[in-house]
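Results of the structural survey
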Amino acid sequence: MTAFKRWMSALVIVCMTGIGMPLPASAAIVGTDQVAALFGRTPGGPQSTTAHYYVGSAGDFEAIGWGVTVTRRFAEGTRASLVEAAIHEFAAHGFDGASTRAIAARAGVHQPQINYHFDSKLALWRAALDHLFDELGAAIADAIADTHDDLDVLRRSIRTIVRESARRPELNRMMVKESSVRSERLTWLTEHHVRGWF
């Protein structure tokens, strides 16, 4: 690929992502001051962590000579932001009431990024619950790590659940909203998380 074609390919891809068009997962992800400047975003500013740009391969992009490091760290940041935003929206409005537009806006990304990272609203909902249960499980594991007494384990676990419920009320709210009506989501929640605790 000639230098000119590399530049044109990068420009087309940058424009696509600038309007929120998702690209294949196999694409490398980069972030640069130059690209951010094209969209009026200040590097290090409030939107810089969610301004992600995609190119066909790391080699092609490096040949452009911008001297940037190709990394997937920015994609991970976008995914984490979407999960956190989804937790708040689903807890407040339930699955049906929460909109992907509101989730994307809270995360500071374009709406198509949801389908790029999670395929669907349902997949994002599941990821949000996975994250909340992982947090709770990790907190309990830390709390009981230095004891082998069954009664002490029970006491510490209960205290941790109460403390985490106060810190993260979204988990309880999401579970209450789903438990009000039978659904495939409730079945998934029971099979993947609730059943393992009892």
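A few points on the structure. (Residues numbered from 1 in each chain as written. Predicted model: local features only at pLDDT ≥ 70, side-chain atom pairs only at ≥ 80, totals over all residues. Heavy atoms only, no water.)

Let us now look at the environment of Pro112. The topology assignment puts Pro112 in helix H6 (residues 112–118). In this structure, the C-alpha to C-alpha distance between Pro112 and Arg101, residues 11 residues apart in sequence, is 9.2 Å. (Helix = DSSP H or I, 4+ residues; strand = E, 2+ residues; numbered from the N terminus.)

Turning next to the packing of aromatic side chains. The tally for this structure, following the rule as stated, stands at three aromatic pairs. On the basis of an interplanar angle of 85 degrees and a centroid distance of 6.2 Å, the ring pair of Phe95 and Trp125 is categorised as edge-to-face. Here the residue Phe95 occupies a position in helix H4 (residues 73–97), and Trp125 occupies one in helix H7 (residues 121–143), the gap between them amounting to 30 residues. Of the two residues examined, Phe95 and Trp125, each falls in the buried class. On the basis of an interplanar angle of 55 degrees and a centroid distance of 5.6 Å, the ring pair of Trp125 and Trp188 is categorised as tilted. Of this pair, Trp125 sits in helix H7 while Trp188 sits in helix H10 (residues 184–194), and the two are 63 residues apart along the sequence. You'll find Trp125 and Trp188 in the same group, each marked buried. Ring-pair connections join several aromatic residues into one group, and the members of that group are Phe90, Phe95, Trp125 and Trp188. Here Lys121 stacks its cationic end above the ring of Phe95, 4.7 Å away from the centre of that ring. Positioned above the aromatic ring of Trp125 is the side chain of Arg185, whose terminal nitrogen or guanidinium carbon lies 6.0 Å from the ring centre. (Phe/Tyr/Trp six-rings, centres within 6.5 Å; stacked < 30°, edge-to-face > 60°. Buried < 20%, exposed > 50% of the residue type's maximum accessible area, 1.4 Å probe, protein only. Lys NZ or Arg CZ within 6 Å of the ring centre and 35° of its normal.)

The tendency in soluble globular proteins is for nonpolar side chains to be buried side by side. In terms of nonpolar packing, the biggest core is built from 28 residues, with Leu82, Phe90, Ile103, Leu124, Trp125, Leu129 and Met174 touching the most fellow members. Breaking this core down by element, the ones donating at least two residues are H4, helix H5 (100–107), H6, H7, helix H9 (169–179) and H10. Here the element with the most residues in this core is H7; it accounts for nine residues. In this structure Leu129 touches Leu171, Met174, Trp188, Leu189 and His193, once residues within four positions along its chain are discounted. (Core = buried A, V, L, I, M, F, W, Y, C linked by side-chain atoms within 4.5 Å. Contact = heavy atoms within 4.5 Å.)

Let us look at the side chain of Arg185. Within the secondary structure, Arg185 sits in helix H10. A relative accessible area of 19% places Arg185 in the buried class. At a separation of 3.0 Å, a polar atom in the side chain of Arg185 contacts the side chain of Glu178. The contacts of Arg185, once residues within four sequence positions are left out, are Phe95, Asp96, Leu122, Trp125 and Glu178. (Polar contact = N/O pair within 3.5 Å; in protein donor to acceptor, adjacent residues only side chain to side chain.)

Given a rise of 1.5 Å per residue, 23 residues ought to cover 33 Å, and the 33 Å separating the end C-alpha atoms of H7 matches this to within 8%. Those residues of H7 lying buried are Leu124, Trp125, Ala127, Ala128, Leu129, Leu132, Phe133, Leu136, Ala139, Ile140 and Ala143. (Expected span 1.5 Å × (residues − 1).)

Under the definition given, this model contains nine salt bridges. Arg168 serves as the salt-bridge partner of Glu135, at 2.9 Å between the closest nitrogen and oxygen. Taken together, the residues span a long stretch of sequence, with Glu135 in helix H7 and Arg168 in the loop between helix H8 (150–167) and H9 at a distance of 33 residues. What makes Glu135 partly exposed here is its relative accessible area of 21%. The partner of Arg185 in a salt bridge is Glu178, with the nearest N and O atoms 3.0 Å apart. (Salt bridge = Lys/Arg side-chain N within 4 Å of Asp/Glu carboxyl O.)

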